[in-house]
Amino acid sequence: AKMKEFAKWGCLHHRCIVCDRKAGAVGGALFRCVACPMAHCDDHLSEDARILSNNKIYEALGYPSASNTIHVLCSKECIKWYEEKKENKELDTVIEENKNEYQKFIQENKPE
């Protein structure tokens with residue numbers, strides 16, 4: 001299937017990268033990759049994808065769990081990236097950096 005071109009920028013995690021449908025149009029949830037900016041509907045998720053029970057990378061940024069999101073590693077390449085980062089303890093560094101950035105943002109944007 002050919003990927004749709006977007007007329008203007010939009011976060012790729014809010015639409016299926018292949019058919020451009022939002023969660024509400026595909027049964028209520030999208031499969032959002034934690035290693036790349038792509039999301040897929042159930043019809044277009046690769047057989048190679050791996051479903052994750054949680055997403056510590058996004059949690060560290062303060063993103064709440066959402067009922068319309070299923071976190072995945074969407075391809076062999078994303079699985080490889082994730083496993084290499086996890087094995088080398090680099091994933092812990094990414095998570096810690098995200099926590100620090102989130103805390104910094106909160107501090108800088110506190111109402112006075």
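We now turn to the structure provided with this report.

Conventions used here
- Residues numbered from 1 in each chain as written.
- Predicted model: local features only at pLDDT ≥ 70, side-chain atom pairs only at ≥ 80, totals over all residues.
- Heavy atoms only, no water.
- Helix = DSSP H or I, 4+ residues; strand = E, 2+ residues; numbered from the N terminus.
- Buried < 20%, exposed > 50% of the residue type's maximum accessible area, 1.4 Å probe, protein only.
- Contact = heavy atoms within 4.5 Å.
- Salt bridge = Lys/Arg side-chain N within 4 Å of Asp/Glu carboxyl O.
- Core = buried A, V, L, I, M, F, W, Y, C linked by side-chain atoms within 4.5 Å.

### Some thoughts on the side chain of His71
By the secondary structure assignment, His71 is in strand E4 (residues 69-73). Residue classification places His71 among the buried residues on the basis of a relative accessible area of 17%. When residues no more than four places from it in sequence are discounted, the contact partners of His71 are Arg32, Val34, Arg50, Ile51, Leu52, Asn55 and Tyr58.

### Notes on the pattern of salt bridges
Side-chain pairs of opposite charge can arise where the charged atoms are in close proximity. Per the stated rule, a full pass over the model turns up 4 salt bridges. When the shortest N-O distance is used, the salt bridge between Asp43 and Arg21 registers 3.0 Å. Within this pair, whereas Asp43 is found in the loop between strand E2 (39-40) and strand E3 (50-51), its partner Arg21 is found in the segment before strand E1 (30-33), the two being separated by 22 residues in sequence. Note on Asp43: relative accessible area 59%, which makes it exposed. Looking at Arg21, the relative accessible area reads 29%, which means it is partly exposed. Salt-bridge contacts for Glu90 lead to Lys85; the nearest nitrogen and oxygen are separated by 3.1 Å. The exposure class of Lys85 is partly exposed, given its relative accessible area of 21%.

### Some points on the nonpolar core
Cys33, Val72, Leu73, Cys74 and Cys78 are the most contacted members of the largest nonpolar core, which totals 16 residues. Secondary-structure elements contributing two or more residues to this core are E1, E4, helix H2 (76-87) and helix H3 (90-108). Take this core: its biggest share by element is 3 residues, from H2. Those residues in contact with Cys33 that lie beyond four places of it in its chain are His13, Met38, Tyr58, Val72, Leu73, Cys74 and Cys78.

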